[in-house]
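# Overview (structure and organization)
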Amino acid sequence: GESVGLHLPTLSVQEGDNSIINCAYSNSASDYFIWYKQESGKGPQFIIDIRSNMDKRQGQRVTVLLNKTVKHLSLQIAATQPGDSAVYFCAETADNDYKLSFGAGTTVTVRA
Amino acid sequence: GAVVSQHPSRVICKSGTSVKIECRSLDFQATTMFWYRQFPKQSLMLMATSNEGSKATYEQGVEKDKFLINHASLTLSTLTVTSAHPEDSSFYICSARKGVAQETQYFGPGTRLLVL
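All of the points below concern the structure found in this document.

So, how was this worked out
Residues numbered from 1 in each chain as written. Chains lettered and ligands numbered in written order. Predicted model: local features only at pLDDT ≥ 70, side-chain atom pairs only at ≥ 80, totals over all residues. Heavy atoms only, no water. Disulfide = S-S within 2.5 Å. Helix = DSSP H or I, 4+ residues; strand = E, 2+ residues; numbered from the N terminus. Contact = heavy atoms within 4.5 Å. Buried area = accessible area lost by both parts, 1.4 Å probe. Salt bridge = Lys/Arg side-chain N within 4 Å of Asp/Glu carboxyl O. Phe/Tyr/Trp six-rings, centres within 6.5 Å; stacked < 30°, edge-to-face > 60°. Buried < 20%, exposed > 50% of the residue type's maximum accessible area, 1.4 Å probe, protein only. Core = buried A, V, L, I, M, F, W, Y, C linked by side-chain atoms within 4.5 Å. Pairing = 2+ DSSP bridges. Axes fitted to C-alpha atoms, helices over the stretch in contact; angles between N-to-C directions.

### A look at the state of the cysteines
All names here are of chain A. Scanning all chains against the criterion turns up 2 disulfides over all chains. A sulfur-sulfur distance of 1.9 Å marks the disulfide that ties C23 to C90. Its torsion about the S-S bond being 50°, the disulfide of C23 and C90 is classed as right-handed. Of the two residues, C23 sits in strand β3 (residues 19–25) while C90 sits in strand β9 (residues 86–93), which places them 67 residues apart along the sequence.

Given below as C-alpha cells:
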C-alpha cells in the first residue's frame, strides 16, 4: 500500500553542524506535508509545513525541501543544537478529511 | 497559539476496567480532533477522526466498541478505552485541527496508559 517512509532510522550529528533528515513518500496525490518533532514522552510538535505547489520553504533554522518528481521530502536543520535531539516525523495528507499519514521517524542525536 | 491538553498524562489501571482520556483545545475551537496510538519506538497510528456533534470515523482495524469517542463540544473530545487489557497499553495522543480551512494539526502531550 502507499505510505510515507523515511530513509534512515537514526542520525548522529555534531553540535553546530547541519542536519538533513529525509523522507520518501509514495502517494502521488499527497499535496500537503508537515514535519513534526517528538521528544521522549511528549506529543509531536509542529516544525514546518509545505504545500505541493512549492519546492522549498524556510523557517527559523529549518528548511523543508520537496521534490515531487522523486516523491522526496527533506528537513534541514542549521547549526544543530542539543535541544534538537528528538524523533522527527514527516507526515502527509492528500484528502479533504485532513487525515495524516506518518512516516516511521528518524531519531536525531546531537553530540556535544 | 494553539494549545492542546490531555488528561490524564499517565494512568495505570487493572485489566477489565475502563479508562477515559480527555483532549481539550485550550485557545481555539476544533471542529475536528484526531486520536492516535503510538507503541514504543514506532510511529503514530491514526485510530479515529472525531467531529463535533457527530459520530467518530474509525480507521480500519480499530474497534469502535472498544475505543469510544465522544466529541461533545468544539473544545473537548474524549476517548474511553473499555474493558482494557494489557495489549491496550500504549501512548495515546490526540490532535486538533484549527479552523475549517487550515490543515495543520496541533498535538496534545499524550497519555501513557499501562494496563496491568
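### Quick look at the interface of chain A and chain B
If you look at the interface, chain A gives 18 residues, while chain B gives 20 residues. Regarding the contact of chain A and chain B, the summed buried area is about 1500 Å², with carbon and sulfur atoms giving 55% of it. Among the residues of chain A in contact with chain B, A:Y98, A:K99 and A:F102 are the three that bury the most area, contributing 36% of the side total. Counting every contact that joins chain A to chain B gives 1 salt bridge. Across the salt bridge formed by B:E59 and A:K99, the nearest N and O atoms sit 3.0 Å from each other.

### Comments concerning the packing of aromatic side chains
Scanning all chains against the criterion turns up 10 aromatic pairs over all chains. Ring geometry for A:Y25 versus A:F33: centroids 4.7 Å apart, planes at 50°, classification tilted. Each member of the pair, A:Y25 together with A:F33, is buried. Among the aromatic side chains, those forming a connected cluster through ring pairs are A:Y36, A:F46, A:F89, A:F102, B:Y36 and B:F107.

### A look at the nonpolar core
The biggest cluster of nonpolar side chains holds 24 residues, and the ones touching the most others in it are B:W35, B:F67, B:L79, B:Y92 and B:L113. Counting residues per element, the ones that place at least two in this core are β2 (10–13), β3 (19–25), β4 (30–38), β5 (44–51), β7 (67–73), β8 (76–81), β9 (90–98) and β11 (111–115) of chain B. Ranked by size, the runner-up nonpolar core spans 20 residues in total, among them A:V13, A:V64, A:C90 and A:V110.

### Some remarks on unusual backbone geometry
Residue and element names in this part refer to chain B. The residue after H7, namely P8, is reached through a cis peptide bond having omega 0°. One can find P8 in the loop between β1 (4–7) and β2. The phi angle at S83 is positive, at roughly 45°, despite the residue not being glycine. Here S83 is to be found in the loop between β8 and β9. What makes S83 partly exposed here is its relative accessible area of 34%.

### What to know about the sheet that holds β3(B)
Sheet strands line up and pair through hydrogen bonds in the backbone, either parallel or antiparallel. All names here are of chain B. If you trace the 4 strands from one edge of the open sheet to the other, you get β1-β3-β8-β7, paired in antiparallel fashion. Lying at the two open borders of the sheet, with one neighbouring strand each, are β1 and β7. In this sheet, adjacent strand axes meet at a mean angle of 15° when their direction is disregarded. Across 5 bridges, the pairing between β7 and β8 is antiparallel. If you follow F67 over to β8, its bridge partner there is V81.

### Considerations on the pairing of strand β11 (residues 106–111) of chain A
Residue and element names in this part refer to chain A. A one-sided burial pattern is seen for β11, the buried positions being T106, V108 and V110 and the unburied ones T107, T109 and R111. Of the pairings in the sheet, the one linking strand β2 (residues 10–14) to β11 comprises 5 bridges and is parallel in character. Within the sheet, the bridge partner assigned to V13 lies in β11 and is V110. Examined bridge by bridge, β9 and β11 share 3 bridges and lie antiparallel to one another. Within β11, the residue paired with A86 across the bridge is V108.

### Side note on the pattern of salt bridges
Side-chain pairs of opposite charge can arise whenever the charged atoms involved come near each other. All names here are of chain A. Applying the stated rule across the entire model yields 7 salt bridges over all chains. A salt bridge links E39 to K37, with the shortest nitrogen-to-oxygen separation between them at 3.9 Å. Residue classification places E39 among the partly exposed residues on the basis of a relative accessible area of 27%. For K37, a relative accessible area of 13% gives the class buried. Across the salt bridge formed by D84 and R61, the nearest N and O atoms sit 2.9 Å from each other.

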